[in-house]
Amino acid sequence: MKRWAVGAAALLGLALAQNVTITYWQYDFKSKVEAVDELIKRFQAANPNIKVVHQTFPYDAYQQKVASAVPAGQGPDVVNLYYGWLPTWVKAGYLQPLPDSLAKTVDSDFISMVQAAKVNGKLYGVPTAVRSLALFYNKDLFKAAGISAPPKTWGEFVEVGKKLTLKQGDRYTQIGYGIAPDGQDHHLVREVLLRQLGGRPYSDDVKKVTYNTPEGVKALTMYTDWVKQAGIGVPNFFPGNNGYRDGFIAGKIGMIIDGSFAIGTISSGAKFNWGVAELPTERPGARKANFGSFWLHGLTPQATGEKREAAIKFLQFLTSEETQRYWLEKVGELPARKSLIKDPKLSLNPIYGPFVLSLAYAKATPFVDETAQRKVMVDAINRVLLQNANPADSLKQAAAEEQKVLDDFWK
C-alpha cells in the first residue's frame, strides 16, 4: 500500500506538470545568455512536458522591467537577480520563499557565502555559481617590459603599472591598469583595500556605515593615487560600458581587476597570452581580502500551482552539479557547491585557481540596496578622480549618504 501511494504521488506530480510553460528572465550578458539557451534545450529534452521561455533585457533596464511587470501580475516565473538586490526585492514583494527542502540543500551542499540568499531566515534564491576577484594581466606586455611575474604587493603593482604605461606626447597609447570605479573597483575599495588595511565597511547588523575612518581614507587615497600620483590608470581610457575589460582584450591595458565571470569573455576575445593572479596585499604576508558575490535564481509570485512545480524543477536543474560544471566551462564562474569547489584540479588550475583560493577569504558585501550603495561609492571615487576632491572629504560625504540609505531601509 505504501509503495502504491508513493507511485500514485509521482504520477500525480507528472500529471500536474503536463504541458506547462514557464518564463525565465535574466539580464543580457552574452556568455550567460548562450549558456541558459543550451541548458533550456537539455532541460526540455529531459522534461518534454515543460516549456521554458527565455527572455533577456539590458542590464540598466532590468530591475525596472521586473518592478513594472511583477506587481502587475506579469513577467517571469523564475528570475535571475544579483544577491545585493535581494533585500529590496523581498521587501517589494517580487519574490516568494523557496521550499524548505531547497533551503536544507543550500545549508548542507553550498558554500557559506550562499547564506546571503536568505532574508529573515528564509531562502529566496539559489545560485548556479559564485564569483571572486583576481588580477588579469597581459603576459606579452609583461615580457616586453621585462617584468617576470605578476605583482604580489600594491607597491609592486604600482611599479609594474608604470612600466606598462606608454605615452606619445600627451596622449596615452597604453596604460598599466584599467581603472574602473563602476566596474569592480568600488568593491576593490570597500571590500579589499579597506579590509586589508584593518577596516570594515559596516557594523555586524548592517545598520551603520563604519568606513569613515583613517583606514577608509587610506584605502580611497591609495586607490585614487594610482591615477593622481602614479599615473598608471586613465579614467575612460577605452570606450564602452566595460571599457576596462574591452581595453584589456584589445591589448591596450596591462592589468585589470575583474570577476571570474569575465574569464569566458576574455578567453574568447584576447589574442595574446594572459594570466590570472590573486590580488596583491599591502605587504608580503599581510592580511588578504576579496569580494565575493553571486547571481541567484528565485521564484516570483507568478509561479503558482503547476507552474510553481515546474519552476522549482527548472531551478533545481539550473543549480545541479552537472549544470555547475557546464557553467564553469562556458561562463567561467565558479561552482557554488562545496563538492565541486573542493576539487584540487580546480584550485591548481592556472586560470580558475586564484579565484578559488580567494573564496576562503572573500566577503559578500551585505547590501540592503546595492544600486544605491554602489552609486555612493562610485561617486566618492569620481569626486576625487574627476573633481579633485580631497579623499577624506569625499569619503565623509559618502558615509553620510550611505547611512541615509541604510536608515531609510531599516526604519
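Treat the numbers as computed from the prediction; the structure is a model and nothing was measured.

Calculation notes
- Residues numbered from 1 in each chain as written.
- Predicted model: local features only at pLDDT ≥ 70, side-chain atom pairs only at ≥ 80, totals over all residues.
- Heavy atoms only, no water.
- 1 Å grid on protein atoms, 1.4 Å probe; cavity = no way out; pocket = protein on both sides within 12 Å on 5 of 7 lines; lining within 4 Å.
- Points joined across faces, edges and corners; volume = space filled by probe spheres on them.
- Helix = DSSP H or I, 4+ residues; strand = E, 2+ residues; numbered from the N terminus.
- Nonpolar A, V, L, I, M, F, W, Y, C, P; charged D, E, K, R; others polar.
- Axes fitted to C-alpha atoms, helices over the stretch in contact; angles between N-to-C directions.
- Parallel < 35°, antiparallel > 145°, perpendicular 65-115°, else oblique.
- Left-handed = near helix turned anticlockwise from the far one by under 90°.
- Contact = heavy atoms within 4.5 Å.
- Expected span 1.5 Å × (residues − 1).
- Buried < 20%, exposed > 50% of the residue type's maximum accessible area, 1.4 Å probe, protein only.
- Phe/Tyr/Trp six-rings, centres within 6.5 Å; stacked < 30°, edge-to-face > 60°.
- Lys NZ or Arg CZ within 6 Å of the ring centre and 35° of its normal.

Novice: Give me the lowdown on the layout of surface pockets, citing residues and values where you can.
Specialist: The space that makes up the largest pocket amounts to roughly 1000 Å³. Tyr-27, Phe-29, Tyr-59, Asn-242 and Arg-245 are, among the 37 residues lining the largest pocket, the residues nearest its centre. When contributions to the lining of the largest pocket are tallied by element, the ones reaching two or more residues are helix H2 (30-46), helix H3 (59-69), helix H8 (181-196), helix H10 (243-249), helix H11 (263-269), helix H13 (321-330) and helix H17 (370-387). No other element matches H8, which puts five residues into the lining of the largest pocket. Among the residues forming the lining of the largest pocket, the class breakdown is eleven nonpolar, 14 polar and twelve charged.

Novice: So what's going on with the packing of helix H9 (residues 214-228) against helix H18 (residues 391-410)? Which residues, and what values?
Specialist: Closest axis-to-axis distance for the H9/H18 pair is 9 Å, and the angle between their directions is 120°. In terms of orientation, H9 lies oblique with respect to H18. Regarding H9 and H18, the two cross each other, and that crossing is right-handed. Together, Gly-216, Val-217, Leu-220, Thr-221 and Thr-224 of H9 and Pro-391, Ala-392, Ser-394 and Leu-395 of H18 make up the contact between the two elements. Residues that form the contact of H9 with H18 fall into these classes: five nonpolar, four polar and no charged.

Novice: Which residues make up H9, and what are the values?
Specialist: With 15 residues, H9 extends 20 Å from end C-alpha to end C-alpha; this agrees with the ideal 21 Å at 1.5 Å per step. Among all positions of H9, only Gly-216, Ala-219, Leu-220, Met-222, Tyr-223, Thr-224, Trp-226 and Val-227 are buried. Its buried side turned inward, H9 meets helix H7 (154-164), strand E10 (171-177), H8, H17 and H18.

Novice: Help me get a handle on the packing of aromatic side chains, residues and values and all.
Specialist: Under the counting rule described, the total for this entry stands at 33 aromatic pairs. Arranged with centres 4.5 Å apart and planes meeting at 65°, the rings of Trp-25 and Phe-57 form a pair that is edge-to-face. Linking Trp-25 in strand E1 (residues 20-27) with Phe-57 in strand E2 (residues 50-57), this pair joins segments that are 32 residues apart in sequence. Neither residue differs from the other here; Trp-25 and Phe-57 are each classed as buried. Centroid distance Phe-157 to Tyr-177: 5.2 Å. Interplanar angle 70°. Geometry classified as edge-to-face. Highlighted residues: Phe-157 in helix H7 and Tyr-177 in strand E10, separated in sequence by 20 residues. Each of the two residues, Phe-157 as well as Tyr-177, counts as buried. For the cation-ring pair, Lys-32 lies above Trp-295, with the distance from its terminal atom to the ring centre recorded as 4.4 Å. The ring of Tyr-172 carries the charged tip of Lys-167 above its face, separated from the ring centre by 4.7 Å.

Novice: Describe in detail the side chain of Asn-80, supporting the description with residues and values.
Specialist: Position of Asn-80 among the secondary structure elements: in strand E3 (residues 78-82). Overall, Asn-80 belongs to the buried group, its relative accessible area being 2%. If we ignore the near neighbours within four places in the chain, the residues touching Asn-80 are Tyr-24, Trp-25, Gln-26, Lys-32, Tyr-62, Trp-89, Trp-295, Leu-296 and His-297.

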